[in-house]
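Now for the letters of each chain:
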Number of protein chains: 2
Amino acid sequence: MESRIDTIKQQLQSQGYKLTPQREATVRVLLENEEDHLSAEDVFMLVKEKAPEIGLATVYRTLELLSELHVVQKLNFGDGVARYDLRGDSSKHHHHHLICVQCGTMQEILDDWLGPLEERLAQEYNFHVLDHRLDFQGICNKCQEKESKQGQ
Amino acid sequence: MESRIDTIKQQLQSQGYKLTPQREATVRVLLENEEDHLSAEDVFMLVKEKAPEIGLATVYRTLELLSELHVVQKLNFGDGVARYDLRGDSSKHHHHHLICVQCGTMQEILDDWLGPLEERLAQEYNFHVLDHRLDFQGICNKCQEKESKQGQ
DNA sequence: ATCCGTGCAAACCCTTTGCACCGGA
DNA sequence: TCCGGTGCAAAGGGTTTGCACGGAT
C-alpha cells in the first residue's frame, strides 16, 4: 500500500506535481476503497474524516489531476455523477460492469472479454483503441429472485 | 415514416398518453435524424424550427417519456449531456460506438458482437441482460493520419 | 369540470472557476 | 518573493420541478 502511494507520488512528481497532504489523503481513500466506484462526493466525505479542513473543490481538482495522469479512471454510469476508479495494474483496468436497473447495484467482471474485438476494430475500422467501456444493464440475481417470489 | 409515427402513437396510447403536436414534432425530429445521437438541446433546436412555441422542458419531458416506453434509448457518452437514440427495430438497438478522443467524432458499429457474452453472463452470473453498452475510446482513422503527417 | 400536457421561470445538482491566502523553494 | 496548491463561495451547465394556464374529453 505504501509502495503504491510511492508509485503515485512519483507519477505526480514526474509531471511536476506534488503529493500534498490533501492529495495523499484522497489517494489513500481511493486505495482503501478500491472495490467501490466512489463519486467525488463519496471521496470528499471519506477524506473529510481524516482531513476535515479539505474542500470539495480540492477533491475535484485532485481527481481530475489523477485522471489526466491515468492514475484513476473516470467512469460514468449514467446516474448523473462521475465515479472514479483506481487503475491498478494495467491488467486491472479492463473490466466490465453489470448494472441492475432495479436495485442499482453494480457488479464488476474482472475478465477482459474484448481483446479480440479490439484487434478486429484496428483492422476493419482503422480505429486505435485506447480504452473501452462495456456495461450491461439488466436484472441482477437477487432482484430476479425477489420478482419471482412476489410475482405469485 | 408515417407508419412509424403511428406505431409510436399506439405505444403512447396503450399507456394512456397522447401524441400531442409537441410530442409528434419531437418524434419527427428523432426520425429525421435517426443516424445522429441528438442531445436534448439538439432536439429542442430542431423542433423549434417547426414548432417555435415549444419549451425546452417539454422536450425533456417527452424524451423522458419516450425513454420509459423504450421508444428511445437514453445514451451517455460521458461528455456531460444525455443523448437520445430511436430504438428502431429490435435488431437496430444493439450497436457499439467508436468515440475519438481527439476530434470527438463518433462512429457506430451496427454489428452486435455481444450475443455470446450475454449468454455467458446469464449462465455464469445469473444476470438477466436487458441492454448493454459498448463504447471504445481511441483515435479515429483521420486523426491518426493527421498525427503521422504532423509528427514528422 | 376535470385532467393531462404545456410554457415559463425558478430550483436543483454536480462540477468548475475566481479569488485571496498560505507555505515551501 | 515566486508560484503551485488550497478553501471558500460564486458561477456554470444540464436537467428537473412548481405553477398557472389551456385545450380536449
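Quick caveat: nothing in here was measured; it's all calculated off a predicted structure.

Novice: Would you take a moment to explain the overall build of chain A for this structure?
Specialist: Along the backbone of chain A there are six helices and six strands. Secondary structure elements in chain A, listed N-terminal to C-terminal, are α-α-β-α-α-β-β-β-β-α-β-α. Expressed along its principal axes, the backbone C-alpha trace of chain A runs to roughly 55 × 45 × 25 Å. Burial analysis of chain A (152 residues in total) assigns 43% to the buried set. Contacts spanning at least 24 positions in sequence make up 47% of the contacts within chain A whose residues lie at least 6 apart. Put simply, chain A shows about 8,400 Å² of open surface, and 46% of that area lies on carbon and sulfur atoms. Looking at charge distribution, chain A has the averaged site of its 17 positive side-chain charges lying 5 Å from that of its 26 negative ones.

Novice: Is there a simple way to explain the domain arrangement of chain A in this structure?
Specialist: Interface size, as often reported, equals the accessible area lost upon joining of the parts. What the domain assignment lists for chain A is domain 1 (1–90) and domain 2 (92–152). Computed from C-alpha coordinates alone, the two centres of domain 1 of chain A and domain 2 of chain A are separated by 24 Å.

Novice: Explain the pairing of strand β6 (residues 128–139) of chain B to me, please; I cannot follow it from the model alone.
Specialist: On a regular strand, each side chain points to the face opposite its neighbour's, so the side chains alternate between the two faces of the sheet. Of all 12 residues in β6(B), nine are buried, a share of seventy percent or more. Examined bridge by bridge, strand β6 (residues 128–139) of chain A and β6(B) share 11 bridges and lie antiparallel to one another. Following the sheet pairing, L134(A) is matched in β6(B) by L134(B). One ladder, built from four bridges, connects strand β4 (residues 96–100) of chain B with β6(B); its direction is parallel. In the strand pairing of β6(B), I99(B) is matched with Q137(B).

Novice: Even after reading the chapter, I still don't get the nonpolar core, so can you show me in this structure?
Specialist: Within soluble globular proteins, side chains that are nonpolar generally end up buried alongside one another. In terms of nonpolar packing, the biggest core is built from 28 residues, with F136(A) and F136(B) touching the most fellow members. Elements represented by at least two residues in this core include exactly β4 (96–100), α5 (115–125) and β6 of chain A together with β4, α5 (115–125) and β6 of chain B. Not counting residues up to four positions away in its chain, the partners in contact with F136(A) are H97(A), L98(A), I99(A), L114(B), L117(B), E118(B), L121(B), F127(B), V129(B), D131(B) and H132(B).

Novice: Looking at this model, I keep getting lost on the pattern of salt bridges. Mind explaining?
Specialist: One side chain can pair with another of opposite charge once the charged atoms of both are near each other. For the coordinates displayed, the defined rule picks out 18 salt bridges over all chains. With its nearest N and O atoms 3.1 Å apart, the salt bridge here joins E124(A) to R120(A). Placement of the pair is E124(A) and R120(A) together in helix α5, with a separation of four residues, close to one helical turn. Take E124(A): its relative accessible area is 49%, and that puts it in the partly exposed class. The class of R120(A) is partly exposed, set by a relative accessible area of 31%. The salt bridge partner of K50(B) is E32(B), with a shortest N-O separation of 2.9 Å. Placement of the pair is K50(B) in helix α3 (residues 40–50) and E32(B) in helix α2 (residues 21–32), with a sequence separation of 18 residues.

Novice: What's the story with the protein's contact with DNA strand C in this structure? I'm lost.
Specialist: Close to DNA strand C lie 19 residues, the nearest being Y60(A), A82(A), T20(B), I54(B) and T58(B). A distance of 3.0 Å separates a phosphate oxygen of DNA strand C from a polar atom in the backbone of G55(B). Of all the elements in the fold, those that place two or more residues in the surface near DNA strand C are α4 (56–68) of chain A together with α2 and α4 (56–68) of chain B. Ranked by the residues each element gives to the surface near DNA strand C, the list is headed by α4(A), at four residues. In terms of residue class, the surface near DNA strand C is made up of nine nonpolar, five polar and five charged.

Novice: What is the right way to look at the sheet that holds strand β1 (residues 38–39) of chain A in this model?
Specialist: Either a parallel or an antiparallel arrangement is found when strands of a sheet pair, and the pairing is made through backbone hydrogen bonds. All names here are of chain A. In spatial order, the strands read β1-β3-β2; together these three strands make up an open sheet with antiparallel pairing. The open sheet has two free edges, formed respectively by β1 and β2 (72–76), since each of these has just one partner strand. Note: β2 against strand β3 (residues 82–86), five bridges, orientation antiparallel. Bridging from a neighbouring strand, N76 pairs with A82 of β3.

Novice: When you look at unusual backbone geometry in this model, what are you seeing that I'm missing?
Specialist: Residues other than glycine predominantly adopt negative phi, and peptide bonds predominantly adopt the trans conformation. Residue and element names in this part refer to chain A. Notably, H70 is not glycine yet its phi reads approximately 60°, a positive angle. Inspection of the secondary structure assignment puts H70 in the loop between α4 and β2. For N126, which is not a glycine, the phi torsion comes out positive at approximately 55°. Within the secondary structure, N126 sits in the loop between α5 and β6.

Conventions and cut-offs
Positions within a chain are numbered from 1, following the residues in the order the chain's sequence is written. Key to labels: chains lettered from A, ligands numbered from 1, both in the order written. Local features in this predicted model are restricted to residues of pLDDT 70 or higher, and side-chain atom pairs are both shown and tallied only at a pLDDT of 80 or more, whereas totals for entire chains, interfaces and linings draw on every residue. The basis for the side-chain values is all heavy atoms of the structure; hydrogens and waters are excluded. Helix and strand labels come from DSSP, where a helix needs a run of H or I of at least four residues and a strand needs a run of E of at least two; each type is numbered from the N terminus. A simple rule labels every residue: compare its accessible area, found with a 1.4 Å probe on the protein chains alone, to the largest value its type can have, and call it buried under 20%, exposed over 50%, or partly exposed in between. Any two residues whose heavy atoms approach within 4.5 Å are treated as being in contact. Per-residue and other accessible areas were derived by the Shrake-Rupley procedure at a 1.4 Å probe size, with only the shown protein chains allowed to occlude residues. Under the convention used here, Asp and Glu are negative, Lys and Arg are positive, and both His and the chain ends fall outside the count. Charged groups are reduced to one reference atom each: NZ for lysine, CZ for arginine, CG for aspartic acid, CD for glutamic acid. Boundaries between domains were set according to an automatic or database domain assignment. By this definition, two strands are paired if DSSP reports at least two bridges between them. Here, nonpolar core means buried Ala, Val, Leu, Ile, Met, Phe, Trp, Tyr and Cys residues that are tied together by side-chain atoms lying within 4.5 Å of each other. By definition, a salt bridge exists where a carboxyl oxygen of Asp or Glu is found within 4 Å of a side-chain nitrogen of Lys or Arg. Nearness is judged by heavy atoms alone; a residue qualifies as near a molecule or strand once a single heavy atom is within 4 Å of it. Pairing of N or O atoms within 3.5 Å defines a polar contact, subject to two protein rules: one partner must be a possible hydrogen donor and the other a possible acceptor, and residues neighboring in sequence count only if both atoms are side-chain atoms. Residue polarity follows a fixed list, in which Ala, Val, Leu, Ile, Met, Phe, Trp, Tyr, Cys and Pro are nonpolar, Asp, Glu, Lys and Arg are charged, and the others, Gly among them, are polar.

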